[in-house]
Structure formats: structure tokens, C-alpha cells
Amino acid sequence: GNSVTQMEGPVTLSEEAFLTINCTYTATGYPSLFWYVQYPGEGLQLLLKATKADDKGSNKGFEATYRKETTSFHLEKGSVQVSDSAVYFCALSDAGGAGSYQLTFGKGTKLSVIP
Amino acid sequence: DTEVTQTPKHLVMGMTNKKSLKCEQHMGHRAMYWYKQKAKKPPELMFVYSYEKLSINESVPSRFSPECPNSSLLNLHLHALQPEDSALYLCASSQASGIGNSPLHFGNGTRLTVT
């Protein structure tokens, strides 16, 4: 079956530090890949996505590249802010397109950014 | 602001009570979802409705009963819950073409406590 493995947290960084959160996946076929972010007391928000190999998703300074050869989708940001403190979930949708309604989530990584 | 609205934000209920959670979206999405999220865990899929018909039921106990009255509304009826059912219940929606083509939009959830 499908699975997503992301680095265990929590991760604590100083403001303006470089962020990497590792994510690898196991799936049949060609899944779509996502990063969702959950701020305290809120639901999940889509941060970025990639639907095919070598696609790069980007949003709010965050980036992730769909690497089929290493089955990875690592999240990066060059300079984090206190407001980036949240839980980040890597996820995949199998079939990669029409008719697929199931998301497989990683366990989540809590990021805390200190001033 | 989220485009998926959930009410109530918080709910405390006894094990003999009957209550309902409500979800509304006006994005024209035709797929709607219920997820359950325990603390420090990723969301777990409960139900998926596609074009107002139940398409996925992840073997959820019958004390949870979903209802989709129309394309904008999704309810979750609760009856005879157990304390272990205490969690954050998240509603989400996407276009009916599937998650790969249209990511999930989540509400902020209902924090349920069963006493």
C-alpha cells in the first residue's frame, strides 16, 4: 500500500535559519504530492503541490521538488520566520488524478521558530 | 479565512447525547470529506461524499452517521459516543475530479470532547 515517511520532530530553528523537512514516499503508479500546514487551533491548509516527476511546487517562500528517482518531496525554505511555526504534513494522492479521493499523510513535523 | 465553515467550533457531549456537526462550502466543490484528528497525529479519513452520494466509508462505527443534504452541506450525526471519540473533526472539500487535480480545502474543525 501507499505510505509517507517524514522526519520526526519537533524541529526548533532560529529566525532566518534554513529549513529542510524530509519526506519520502512509497506508492504504485504516479501519485500527486502535497505539503499541508496546520497552524495552532486551525485546520490544514495546502502549502504546495506537485503532480508529476521533476515538478517544483512553491508558495510563501517554501519549495519542494517531486523526485521520482529518490521517491522524495523534501520541503525547504531559505529563511524561516516566527510565523512559520506550525505542523507540516507531507501527503500523497494515489492515481494522481481523476477519481482519486484518498490522501495518505505522513505523521507530521512540528516546527518551532524562535526569535 | 477558510472557505469551508464548520460549526460548532467546540462541543462537549455526554455519552448518551445526540448531536450534529455541520460543514458548509460555497466553492462549487462536489466532493466532501470528514476526517478525525487526534492530538499530534495526522488526520484519518472517515467518509467521502461525491455528488452527494457516499463513496468511501472507512469502516467507521455506526455511532457516526454522515449526511449530505445538498452539494454545499455536510453533516455528521453523533450518538452514543465514547470518550475515545474525543478529537478534532475536520471537514474538507475538493472538486469532483479527484484530489490530484484539486487539493482538499479544510475547515478549522470542531473540537469534540465526550464526557
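Use the structure listed above.
Note that the coordinates shown come from a computational prediction; the quantities given were computed from them, not determined experimentally.

Draft legend 1. Structural detail: the interface of chain B and chain A. The interface of chain B with chain A comprises 27 residues on the first partner and 24 residues on the second. Summed over both partners, the interface of chain B with chain A buries about 1800 Å², with 58% contributed by carbon and sulfur atoms. If you look at where chain B meets chain A, you find zero salt bridges. Here chain B is connected to chain A by four residue pairs in polar contact (both at pLDDT 80 or more). The set of elements that each furnish at least two residues to the side of chain B that touches chain A consists of β4 (31-37), β5 (44-50) and β9 (87-94) of chain B. Ranked by residue count, the leading element in the side of chain B that touches chain A is β4(B), at four residues.

Draft legend 2. Here's a closer look at the sheet that holds strand β7 (residues 64-70) of chain B. Residue and element names in this part refer to chain B. Here we have four strands laid out as an open sheet, ordered β1-β3-β8-β7, and antiparallel in their pairing. Two strands lie at the open edges of the sheet, namely β1 (4-7) and β7, each paired on one side alone. Mean inter-strand twist for the sheet, computed between neighbouring axes without regard to direction, equals 20 degrees. Relative to strand β8 (residues 73-79), β7 runs antiparallel, the two being bridged by five bridges. Each bridged residue has a counterpart across the sheet, and for Ser-65 the counterpart in β8 is His-77.

Rules of the game
- Residues numbered from 1 in each chain as written.
- Chains lettered and ligands numbered in written order.
- Predicted model: local features only at pLDDT ≥ 70, side-chain atom pairs only at ≥ 80, totals over all residues.
- Heavy atoms only, no water.
- Contact = heavy atoms within 4.5 Å.
- Buried area = accessible area lost by both parts, 1.4 Å probe.
- Salt bridge = Lys/Arg side-chain N within 4 Å of Asp/Glu carboxyl O.
- Polar contact = N/O pair within 3.5 Å; in protein donor to acceptor, adjacent residues only side chain to side chain.
- Helix = DSSP H or I, 4+ residues; strand = E, 2+ residues; numbered from the N terminus.
- Pairing = 2+ DSSP bridges.
- Axes fitted to C-alpha atoms, helices over the stretch in contact; angles between N-to-C directions.

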